[in-house]
Amino acid sequence: MGLMKSWVASANTVDHPFPLNNLPYGVFSVGGDDPRCGVAIGDMILDCLAAEEAGLLEFDEGPFFDVPFWNEVMEAGPRFWAELRARLQELLAEGAAARSELETCLVAQVDAEMHLPFLVAEYTDFYAGRHHAFNVGSMFRDPANALPPNWLHIPIGYNGRASSVVVSGTPVRRPWGQLKSPDHAQPAFLPSRRFDFELEMGAIVGTPSDRPVTVDEADAMIFGYVLLNDWSARDIQAWEYQPLGPFQAKATATSLSPWIVTQAALAPFRASCPPRDVELLPHLRDTGPMLYDITLTASIAPEGKPPTKLSQTNYREMYYSAAQQLAHHTTSGCPMNPGDLLGSGTISGPTKPERGSLLELSWGGKDPITLDTGEVRSFLEDGDTLTLSGHAKGDGFTIGFGTCSGKILPALPDPYAR
Ligand code: CA
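Owing to the predicted nature of the structure, the values given are computational and were not obtained by experimental measurement.

Draft legend 1. Representation of the sheet that holds strand β2 (residues 36–41). A sheet is described by the order of its strands in space; here 5 strands give the open sequence β4-β3-β2-β1-β5, paired in antiparallel fashion. Because the sheet does not close on itself, it has two edges, and the strands there are β4 (106–108) and β5 (113–115). Taking the axes of each pair of neighbouring strands and ignoring which way they run, one obtains an average angle of 50 degrees across the sheet. Pairing between strand β1 (residues 25–29) and β2: 4 bridges, direction antiparallel. Bridge pairing in β2 places Gly 26 opposite Gly 38. Its contacts with the sheet place helix α3 (residues 78–92) against β1, β2 and β3 (44–47), and it is angled at close to 65 degrees to β1.

Draft legend 2. Summary view of the domain arrangement of the protein. Along its sequence, the protein is organised into domain 1 (9–115) and domain 2 (123–409). Summarising the inter-unit geometry, the C-alpha centres of domain 1 and domain 2 are found 29 Å apart. Contact with domain 1, which involves 26 residues of that partner, is made by 26 residues of domain 2. In this assembly, domain 1 packs against domain 2 so that about 2,000 Å² is buried in total across both faces, 69% of it on carbon and sulfur atoms. Among the residues domain 1 hides against domain 2, the three largest losses belong to Tyr 25, Met 74 and Trp 81. Together they make up 28% of the total. Where domain 1 touches domain 2, the interface holds 1 salt bridge. Lys 393 serves as the salt-bridge partner of Asp 15, at 2.7 Å between the closest nitrogen and oxygen.

Draft legend 3. Region of the structure containing the pattern of salt bridges. Inspection of every chain in the model, using the stated rule, returns 18 salt bridges. Overlapping salt bridges, with partners in common, bring together Asp 196, Glu 198, Asp 230, Arg 234 and Lys 250 in one network.

Draft legend 4. The arrangement of the sheet that holds strand β21 (residues 308–314) in detail. Spatial strand order, β9-β26-β25-β20-β21: 5 strands in an open sheet with mixed pairing. Bordering the open sheet on either side are β9 (172–173) and β21, each of which pairs with just one other strand.

Draft legend 5. Here's a closer look at the coordination of the calcium ion. Here the calcium ion is held by the protein donor atoms Asp 125 (OD), Glu 198 (OE), Glu 200 (OE) and Asp 230 (OD), which lie 2.2 to 2.3 Å from it. One chain supplies every donor to the calcium ion, and in sequence these donors are spaced D-x72-E-x1-E-x29-D. A residue pair is termed long-range when its members are at least 10 positions apart, and Asp 125 in strand β6 (residues 123–126) and Glu 198 in the loop between β12 (195–196) and β13 (199–205) qualify at 73 residues. When its relative accessible area of 3% is taken as the criterion, Glu 198 is described as buried.

Draft legend 6. Spotlight on the packing of aromatic side chains. A complete count under the given rule lists 19 aromatic pairs for this structure. Taking the centre distance of 4.1 Å and the plane angle of 10 degrees together, the rings of Tyr 25 and Trp 70 count as stacked. Of this pair, Tyr 25 sits in strand β1 while Trp 70 sits in the loop between α1 (48–53) and α2 (71–75); the two residues are 45 residues apart in sequence, bridging distant segments of the chain. Given a relative accessible area of 3%, Tyr 25 falls into the buried group. Aromatic side chains Phe 65 and Trp 70 sit 5.5 Å apart centroid to centroid with 65 degrees between the ring planes, which places their arrangement in the edge-to-face category.

Rules behind the numbers
- Residues numbered from 1 in each chain as written.
- Predicted model: local features only at pLDDT ≥ 70, side-chain atom pairs only at ≥ 80, totals over all residues.
- Heavy atoms only, no water.
- Pairing = 2+ DSSP bridges.
- Helix = DSSP H or I, 4+ residues; strand = E, 2+ residues; numbered from the N terminus.
- Axes fitted to C-alpha atoms, helices over the stretch in contact; angles between N-to-C directions.
- Contact = heavy atoms within 4.5 Å.
- Domains from an automatic or database assignment.
- Buried area = accessible area lost by both parts, 1.4 Å probe.
- Salt bridge = Lys/Arg side-chain N within 4 Å of Asp/Glu carboxyl O.
- Donors = N, O, S within 2.8 Å, 3.2 Å for Na, K, Ca; no water.
- Buried < 20%, exposed > 50% of the residue type's maximum accessible area, 1.4 Å probe, protein only.
- Phe/Tyr/Trp six-rings, centres within 6.5 Å; stacked < 30°, edge-to-face > 60°.

This is the structure:
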């Protein structure tokens, strides 16, 4: 396919994350203006509300862009998603007739503040990366029995909190919680000492379901993908997780990158799940390549210091695709809705530099990491900024996700002190 040329000159380079091939969807504001829908093209944002009002982005089913979220576009369904993408590519392509009118609808990304791109209906997080599950199981149980007995048969998940999903750039405050270290007889209420990140992808459900769906149907329901950091308090988790799984350890915050990269933009990068140790039951069986070849990195910058790369991995390393996770989610009859967010689970690769959390990188704190700037880390310290980034590399073009970052603020004073 190659690079598709746009009249927005900055979009026409091999390495730019937002060429005409991409066109990710976000919500932005400039100055004191209300947040509105926009599409990234090169260094600019096309203001969709302005283009709609100018009659350039009008559709029979609309208006769509007088609200600060993309849920209404999702609800219009996959046929409309394709129509919108085709219209945007036509409007922004080199030689487009409406160029002079559209130029007045462009905003520079450097001038814009980004907001959550959609209303998060509900949030489910999975544990579907094999290397992560193996590492965690090896650390806390036994390498010979690292994977729980159900792991190779279903994508394990838990219901997370939509209320604490935030956009990249939002600071994250170190939580308090009930902790119990093995060498203390009694639990104590303290700020988390083992606060961590998890490098994940988020899949956004675009169309609803009211019955169990197949893997193929589930794949068609997915509107797009974002980078996702599932902030995790390991010490809170270690004490609370049995027998129902994580609860407060994961409730503080979940950060998303601001641009939704559509399934259509990612189509050239489809990749297969790894070979199966145990054949999946028919309703979860692979029917085609439903992962994507997306390079993912995590970096850390202590307060006032430049970043050090912690990890580089790939979305291909997942054992279960988002489509399999979504299909599994519906098996009970659980309805799914536009704006439902599915976290992939931590994405680690097989080697140490591919580990997607500090828990794994420092092996539970036993093997701390020395950053390029000299600091030593087992877990996140106050003032650290953790940044995820991701991109897929095509023939002469890049499909980028931008970044997903958050800075750790110190814990508040004891919220129960009197
Ligand atoms: Ca997670």
